[in-house]
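So you can see what is in the structure, the chains are spelled out below.
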Amino acid sequence: MAEDETQWFDEAAGPLVRPYAMTGGRTRPGASWLDIATQVVTVPSASERLGLGPEHQAILDLCHRALSVAELASYVNVPLVVIKVLISDLMDRGDVVVRPPAQALQAPGRDLLQAVLDGVRAL
Amino acid sequence: MVSVHSEQHQAAALAPESVKIMVAGGFGVGKTTMVASVSEIPPLSTEELLTTASDGVDDLAGIEGKTTTTVALDFGRITISPKLVLYLFGTPGQDRFWFMWDELARGAIGAIVLIDTRRLDASFAAVDFFERREIPFVVGINHFDGAPHRYEPEEIRSALAISPGIPIVPCDARQRDASKLILIRLIEHAMSRLPAAGAKATA
């Protein structure tokens, strides 16, 4: 393969380079158990925002009310794998707390299903 | 530090419980339409980079392949109460995004598999996925205006070899009430598969 074929510039490189720049090249979140439906909330006294990138700050601003990992990926406009790294950074700093889905591994139980059923019927 | 921890507890207390339901089926069967018809927000989407998301850390080497393909994962939200939120995730349609399905399915209440009677085969893989993993699902026959013939549920059951216990519900994914009804059928079906109430204490 000719060398020039493997080099990307400008837009060709953009979609891959930007997410990696945001996460410092990391692809695995410190908390890989973060689920797409895990709820994220900003801690009111979140520490000084020194050293945080704009995407980290966007998460802190958005999560004054609880939002899921998937919603954050959509609003901050980054892939899920990237948003999970950013969220785990903020967890390490104590700036956000998370609540995993009701039943992280098993299917939900009867009381929870009944509550969901009642809620959907009332829509 | 005590106050920091109490603030964290207070923040955590604000987070609702969340539950997931998947809306699956082949490309173009109306998954996003159904999500949109019952979601309280216009459906959101995420775009995933296939090379980075599929294989993890070492896959930066894969960029020589110039894979810029993205997939939009569409989803909606129903806030049932301040303490409970239901998310509806439309599964990515193309085969090469199967790796995302496992995370979507983990801990989910179950799935709605939408079927377009003009292209039954497009939804066969989804039926297979949920059957193999014993994840509760119901089948929704999305009636498209252009379909020449309205199939009876039992015709669909036989054509797709769907087990007798699986509900098959005709629907119009554009209609909020129809989508609501199929969600109700799914949740009831999931409840019917739980161990009997008396067994709960030992579970």
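Structure first, text after, so check above.
Asker: Tell me about the sheet that holds strand β3 (residues 96-99) of chain A, and name the residues and values.
Answerer: Residues and elements named next belong to chain A. In spatial order, the strands read β2-β1-β3; together these three strands make up an open sheet with antiparallel pairing. Edge positions in the open sheet fall to β2 (67-68) and β3, since each of these has one partner strand only. In terms of strand pairing, strand β1 (residues 39-42) meets β2 through two bridges, oriented antiparallel. Within the sheet, the bridge partner assigned to V40 lies in β2 and is L67.

Asker: Help me get a handle on the pairing of strand β6 (residues 137-142) of chain B, residues and values and all.
Answerer: All names here are of chain B. The buried count for β6 comes to six of six residues, which makes it a mostly enclosed element. Alternating positions in β6 separate into two faces, F137, V139 and I141 on one and V138, G140 and N142 on the other, with burial throughout. Two strands pair when backbone bridges link them, and strand β5 (residues 110-116) and β6 are joined in this way by six bridges, in the parallel orientation. Of the residues in β6, the one forming a bridge with L114 is G140. Where the polypeptide runs from β5 across helix α5 (residues 124-132) and back to β6, its parallel neighbour, the crossover connection is right-handed. Judged from the four bridges that link them, β6 and strand β7 (residues 168-171) form a sheet pairing that is parallel.

Asker: Describe the packing of helix α2 (residues 31-38) of chain B against helix α7 (residues 176-192) of chain B, and please don't skip the residues or the numbers.
Answerer: Each pair of packed helices can be described by the angle between their axes along with the distance between the axes. Residues and elements named next belong to chain B. Where α2 meets α7, the closest approach of the two axes is 8 Å, and the angle between their N-to-C directions is 95 degrees. By the angle between their axes, α2 is roughly perpendicular relative to α7. Two secondary-structure elements touch here, α2 through M34, S37 and V38 and α7 through R176, S179, K180 and L183. Taken together, the residues of the contact of α2 with α7 sort by class into three nonpolar, two polar and two charged.

Asker: Hey, could you go over the packing of helix α5 (residues 110-121) of chain A against α7(B) for me, with residue numbers and the actual values?
Answerer: At a minimum axis separation of 10 Å, α5(A) and α7(B) run at an interaxial angle of 165 degrees. It follows from the interaxial angle that α5(A) and α7(B) lie roughly antiparallel. For the pair α5(A) and α7(B), the sense of crossing is left-handed. Counting all contacts with α5(A), which are made through R110(A), L113(A), V116(A), L117(A), V120(A) and R121(A), the residues of α7(B) involved are K180(B), L183(B), I184(B), I187(B), E188(B), A190(B) and M191(B).

Rules behind the numbers
- Residues numbered from 1 in each chain as written.
- Chains lettered and ligands numbered in written order.
- Predicted model: local features only at pLDDT ≥ 70, side-chain atom pairs only at ≥ 80, totals over all residues.
- Pairing = 2+ DSSP bridges.
- Helix = DSSP H or I, 4+ residues; strand = E, 2+ residues; numbered from the N terminus.
- Buried ≥ 20, exposed ≤ 12 C-beta atoms within 10 Å, placed from the backbone.
- Right-handed = clockwise from strand over helix to strand, strands pointing away.
- Axes fitted to C-alpha atoms, helices over the stretch in contact; angles between N-to-C directions.
- Parallel < 35°, antiparallel > 145°, perpendicular 65-115°, else oblique.
- Contact = placed C-beta atoms within 7 Å.
- Nonpolar A, V, L, I, M, F, W, Y, C, P; charged D, E, K, R; others polar.
- Left-handed = near helix turned anticlockwise from the far one by under 90°.

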